[in-house]
Amino acid sequence: MKLLLSVEEAQARILALAAPLAPENIPFTDAVGRFLSKDVTALRDQPAAALSAMDGYAIRFEDLPGPWSITGEVAAGAMPSRAIGAREAMRIFTGAMLPPGADTVVVQEDVAEAGAALVLTGEGPAARGKHVRARAGDFAAGTCLLAAGARLTPGAIAAAIMAGAPAAAVGRRPRVAILTTGDELVPPGHPLGVGQIPDSNGAMLAAMLKEEAAEVGLPLHAPDDRTLIANVLRDLARHHDVIVTIGGASVGDHDHIQGALAGAGGSVDFWKVAMRPGKPLVAGTIGTAALLGLPGNPASAFVTATLFLLPLVRHLAGARAPLPLVRQAPLAAPLAAGGERRDYLRARLDADGLTPFASQDSGQTVPLAAANALVIREPRAPARAPLESADYIAIA
Ligand code: AMP
Ligand code: MG
């Protein structure tokens with residue numbers, strides 16, 4: 001086994017740990033953030049007939065500049081009572097079907113009613129078809145609107161419903177267990193003894209997963225005890241698709257994740273990934289669950305969760321593109337030359353561009369709180385000046 005992996009190799013191996021979960025049909029009101037398990041193909045034309053886009057009067061373009069005789073009215077959801085003939089106009093409202101014979105709508109602000117007659121007072125429509133939504137102008141029946149594996153955004157939900165889909169066909173949400181380890185950790189808000197620190201990573205990871213298509217249990221904690229951790233892992237594996245542990249991922253005397261996973265009958269892969277922060281990672285499976293062991297320093301846990309845990313969860317939920325999007329923005333401050341490994345620098349992106357923080361100590365939480373971007377710096381990359389472009393991942 002090769003011990004030093006690139007981030008991309010590690011991502012590929014983590015996604016290979018488990019296959020997407022079974023599909024299910026759920027109401028669209030619960031579907032935001034979920035991933036489609038099959039293509040959404042339009043079952044109907046939208047609109048199904050030519051509709052008015054404005055409140056006004058349906059006319060024939062060739063009859064401009066009027067005047068017209070008003071022959072009735074049609075509102076949204078109604079069938080036009082008759083067709084339009086020469087020099088005839090029909091009162092029409094937004095979303096109403098255009099009467100046969102009409103091809104254009106003149107907006108109500110451009111005309112005035114004088115008894116049964118309608119006269120032009122404004123400029124009127126500039127071209128035939130103005131203010132008319134053509135039949136199938138949004139989409140035609142049979143068109144593939146959304147591809148399997150796409151994320152259901154609010155807009156995608158609107159399109160899928162308009163297409164005629166009765167429910168959202170999506171991948172099941174993975175059940176995720178969070179297990180923090182370390183004798184020094186105390187639950188948030190509890191009194192601290194000598195040498196103890198609050199367990200911040202458990203709640204941080206739960207918060208990161210909150211935006212994802214995942215069912216996440218309350219963070220659990222275990223002391224640095226191999227047998228105990230093994231028992232907890234064995235138990236969690238029965239009811240979860242993913243177990244993420246934090247801390248104890250390395251090979252020190254008090255690092256027990258690898259040993260516990262082996263002791264619990266799981267299969268263990270241990271890697272060093274060529275990145276900073278983010279020391280060793282444990283990956284493996286136990287029963288039907290995938291296990292990811294993240295390092296304990298807050299920034300290391302955050303960055304490795306961003307690069308490896310969230311993609312694994314999205315992959316299981318059915319995402320076609322589970323990896324974080326790498327974007328570019330200009331630097332607002334100098335970026336020093338790169339070192340031996342690829343860096344993921346906590347940074348702030350504002351209107352001026354990207355500012356990587358001076359302190360990149362992976363034990364600190366204050367830079368994490370201030371960051372909304374991770375600037376990616378390749379190994380031995382030359383220093384860059386402000387206004388030069390840098391790659392980054394948005395994190396907030
Ligand atoms: P480890 O990966 O267990 O060697 O831990 C590395 C550093 O991260 C140590 O300083 C730990 O105290 C700290 N740490 C580990 N787990 C957590 C946690 N859940 N919350 C905050 N800090 C942690
Ligand atoms: Mg530890």
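Owing to the predicted nature of the structure, the values given are computational and were not obtained by experimental measurement.

Novice: Which residues make up the packing of helix H3 (residues 201-210) against helix H6 (residues 298-316), and what values do they have?
Specialist: Where H3 meets H6, the closest approach of the two axes is 11 Å, and the angle between their N-to-C directions is 35 degrees. Handedness of the H3/H6 crossing: right-handed. Residues Asn201, Met204, Leu205, Met208 and Leu209 of H3 pack against Pro298, Ala301, Phe302, Ala305, Thr306, Leu309, Leu310 and Val313 of H6. Here the residues of the contact of H3 with H6 sort into eleven nonpolar, two polar and no charged.

Novice: Report on the pairing of strand E28 (residues 389-394), specifying residues and quantitative values.
Specialist: With four bridges joining them, strand E24 (residues 327-330) and E28 adopt antiparallel strand pairing. Among the inter-strand pairings, alanine 329 is bridged to a residue of E28, identified as alanine 390. Sheet topology note: the strand E27 (residues 373-377)/E28 ladder contains four bridges and is antiparallel. For alanine 373, the partnering residue across the bridge sits in E28 and is alanine 394.

Novice: Break down the packing of helix H1 (residues 7-15) against H6 for me, with residues and values.
Specialist: Orientation of H1 relative to H6, taken along the N-to-C sense of each, is 35 degrees, at an axis distance of 9 Å. Crossing of H1 over H6 shows right-handed handedness. Two secondary-structure elements touch here, H1 through Val7, Ala10, Gln11, Ile14 and Leu15 and H6 through Leu307, Phe308, Pro311, Leu312 and His315.

Novice: How would you summarise unusual backbone geometry if you had to cite specific residues and measurements?
Specialist: Following glutamine 46, the chain continues into proline 47 via a peptide bond in cis, with omega recorded as -10 degrees. As for its placement among the helices and strands, proline 47 is situated in the loop between strand E3 (40-41) and strand E4 (51-52). Here leucine 64 and proline 65 are connected by a cis peptide whose omega angle stands at 5 degrees. By the secondary structure assignment, proline 65 is in the loop between strand E5 (56-59) and strand E6 (68-74). Despite not being glycine, histidine 131 shows a phi value in the positive range, around 65 degrees. Notably, leucine 387 is not glycine yet its phi reads approximately 85 degrees, a positive angle. Looking at the element boundaries, leucine 387 is found in the loop between E27 and E28.

Novice: Kindly report on the domain arrangement of the chain, identifying the contributing residues and their values.
Specialist: Interfaces are often sized by the amount of accessible area the parts lose when they come together. We note that the domain assignment places domain 1 (7-22 + 172-316), domain 2 (23-46 + 138-171), domain 3 (51-133) and domain 4 (326-394) within the chain. Here domain 1 and domain 2 have C-alpha centroids that lie 33 Å from each other. Interface of domain 1 and domain 2: buried area, both sides summed, is about 530 Å²; carbon and sulfur atoms make up 61% of it. Sorting the residues of domain 1 by area buried against domain 2 places Ala22, Arg172 and Ala213 first, and these three jointly supply 62% of that buried surface. Between the two partners, domain 1 and domain 2, sit zero salt bridges.

How each quantity is defined
Residues numbered from 1 in each chain as written. Chains lettered and ligands numbered in written order. Predicted model: local features only at pLDDT ≥ 70, side-chain atom pairs only at ≥ 80, totals over all residues. Heavy atoms only, no water. Axes fitted to C-alpha atoms, helices over the stretch in contact; angles between N-to-C directions. Helix = DSSP H or I, 4+ residues; strand = E, 2+ residues; numbered from the N terminus. Left-handed = near helix turned anticlockwise from the far one by under 90°. Contact = heavy atoms within 4.5 Å. Nonpolar A, V, L, I, M, F, W, Y, C, P; charged D, E, K, R; others polar. Pairing = 2+ DSSP bridges. Domains from an automatic or database assignment. Buried area = accessible area lost by both parts, 1.4 Å probe. Salt bridge = Lys/Arg side-chain N within 4 Å of Asp/Glu carboxyl O.

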